[in-house]
Amino acid sequence: MQAIPLVATTRGYPDTGKVVENVHAGSVAVVDIHGRLLYSAGDPHYPTFTRSALKPFQALPFLLSDGPARFGLSQDELALLCASHSGEDKHLAGVSSILNKIGLDPAHLECGCATPLFYEFTGRQAPNDATWTPLHHNCSGKHSGFLAWCRLHGTATGGYVERRHPLQQAIRSTLADTVGMPAEAMPTGIDGCSAPNYAMPLSKLAHLYARLGQGGADPALGGALGMLFDAMTGRPDMVSGTARTDLHWMTAGGGDWVAKIGADAVQAIGVRSAGIGIAIKIADGNSRALHPAVYATLDQLGLLARLDAGQRAAIEAYRQPLIRNARGTEAGDIRPLFTLTPV
């Protein structure tokens, strides 16, 4: 199977009609808590680098070692372990708190430096005289969790992003067991924050989120997945940030949807009440095509019909976003093209 056209962008005048300008192909997989494929579009087994959608599962070895209790981490701090945060004050304070609790400082973070995502997503100008540190990187929460695992197990903190480091070996082994794949069957790549990242069939990523959505009800990992689900859905603003999609999806879901985006147009969602996991990949990595595809998937699964008016309003902007030019004039829109196929 192959990816199919999922989303189109159009261009035209409102009075003469809009013409399709670009088409973005991709795939969707919807599975149940047992990993059985329920609905799909394109190739539901498309090999996909999980990117930041993997973050809750990169935190698993730390939770399975009772790390949060050992260091006294709060729910807000647990949410940051799974976050692609925006570098807002509350995010920086939370990561700093984790580092303080494990006796380290931002200089130990090996994620690199990056401009906080807050500016990109709010359209504000970053200060010209700003100096960024690894603390501002959107993955610093995940990396603070990496360092906490190292402190917990008495292993070297230097080089913790290297794939042969005991931490990364523990993540790889735990992930393989959780996803039900041989470790050698998961191709390894280097993520934007320098940590190893893994590729897997899209349906496998969806299954991970079906299990995360069940949280404490998962028969094998309920304790850890329950803590992660509660943290992510309890503080979606810590997982993402102002004007971010994961904040909007989880807010609309009202504690029923757990969502995590990944770079290059990956989205995973677990829906507790429906017992399903959803994974979506836009083949060319264009994130502006991703959000209408997510909205259309949720709509076609009947999940939006369960929301009240306020919840629907929180995500309405993703239904068919308008494209505007530099003057703010409507130039076109972004619209879904696909229909999910039941298996």
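What counts as what
- Residues numbered from 1 in each chain as written.
- Predicted model: local features only at pLDDT ≥ 70, side-chain atom pairs only at ≥ 80, totals over all residues.
- Heavy atoms only, no water.
- Axes fitted to C-alpha atoms, helices over the stretch in contact; angles between N-to-C directions.
- Helix = DSSP H or I, 4+ residues; strand = E, 2+ residues; numbered from the N terminus.
- Parallel < 35°, antiparallel > 145°, perpendicular 65-115°, else oblique.
- Contact = heavy atoms within 4.5 Å.
- Nonpolar A, V, L, I, M, F, W, Y, C, P; charged D, E, K, R; others polar.
- Patch = residues over 30% accessible without salt bridge, like charges linked within 9 Å, V, L, I, M, F, W, Y side chains within 5 Å.
- Areas by Shrake-Rupley, 256 points an atom, 1.4 Å probe, with all protein chains shown as cover.
- Salt bridge = Lys/Arg side-chain N within 4 Å of Asp/Glu carboxyl O.
- Buried < 20%, exposed > 50% of the residue type's maximum accessible area, 1.4 Å probe, protein only.
- Expected span 1.5 Å × (residues − 1).
- Polar contact = N/O pair within 3.5 Å; in protein donor to acceptor, adjacent residues only side chain to side chain.
- Pairing = 2+ DSSP bridges.

Here helix α7 (residues 140-153) crosses helix α8 (residues 166-179) at 105°, and the two axes come no closer than 10 Å. With respect to their mutual orientation, α7 and α8 come out roughly perpendicular. Contacts between α7 and α8 involve F146, W149 and C150 on the former and, on the latter, P166, L167, Q168, A170 and I171. Among the residues making up the contact of α7 with α8, the classes are represented as seven nonpolar, one polar and no charged.

Okay, a nonpolar patch on the surface next. A cluster of nonpolar side chains, namely V20, V23 and L337, defines an oily patch on the protein surface of about 250 Å² accessible area. With a relative accessible area of 46%, V20 lands in the partly exposed category.

On to the environment of G35, then. Along the chain, G35 falls in the loop between β2 (17-32) and β3 (37-41). In sequence terms G35 and L205 are 170 residues apart; their C-alpha atoms lie 9.6 Å from each other.

What follows deals with helix α13 (residues 287-300). For α13, with 14 residues, the first-to-last C-alpha span of 20 Å sits near the 20 Å given by 1.5 Å per residue. Counting buried positions along α13 yields ten of 14 residues, so the element is predominantly enclosed. The backbone nitrogen of R288 lies 2.9 Å from a side-chain oxygen of the residue at the head of α13, namely N286. Positive phi shows up at G302, right after α13, with a value of about 80°.

Pairing between the strands of a sheet comes from backbone hydrogen bonds, and it takes one of two forms, parallel or antiparallel. Strand order across the open sheet formed by three strands is β4-β6-β5, with antiparallel pairing between neighbours. The sheet is open, and its two edges are formed by β4 (47-49) and β5 (188-190), each paired on a single side. Averaged over neighbouring strand pairs, the angle between their axes works out to 35° when direction is ignored. Docked against the sheet, α8 engages β5 and β6 (196-201), running at close to 15° with respect to β6. The sheet strands contacting helix α9 (residues 202-214) are β4 and β6, and the helix crosses β6 at an angle near 105°.

Attention now moves to α9. Compared with an ideal rise of 1.5 Å per residue, which puts 13 residues at 18 Å, α9 spans 19 Å between its outermost C-alpha atoms and is within 8% of the ideal. Of all 13 residues that make up α9, twelve are buried, and the element is covered over most of its length. Within α9, the full set of buried residues consists of L202, S203, L205, A206, H207, L208, Y209, A210, R211, L212, G213 and Q214. Positioned one or two residues after α9, G215 has a phi angle of 55°, which is positive.

The next subject is unusual backbone geometry. Although it is not a glycine, D264 adopts a positive phi angle of roughly 60°. By the secondary structure assignment, D264 is in the loop between β7 (257-262) and β8 (266-271). In this structure D264 comes out as partly exposed when scored by relative accessible area, which is 41%. Notably, A265 is not glycine yet its phi reads approximately 65°, a positive angle.

Fair warning: the whole summary comes from geometry, so function is off the table for now.
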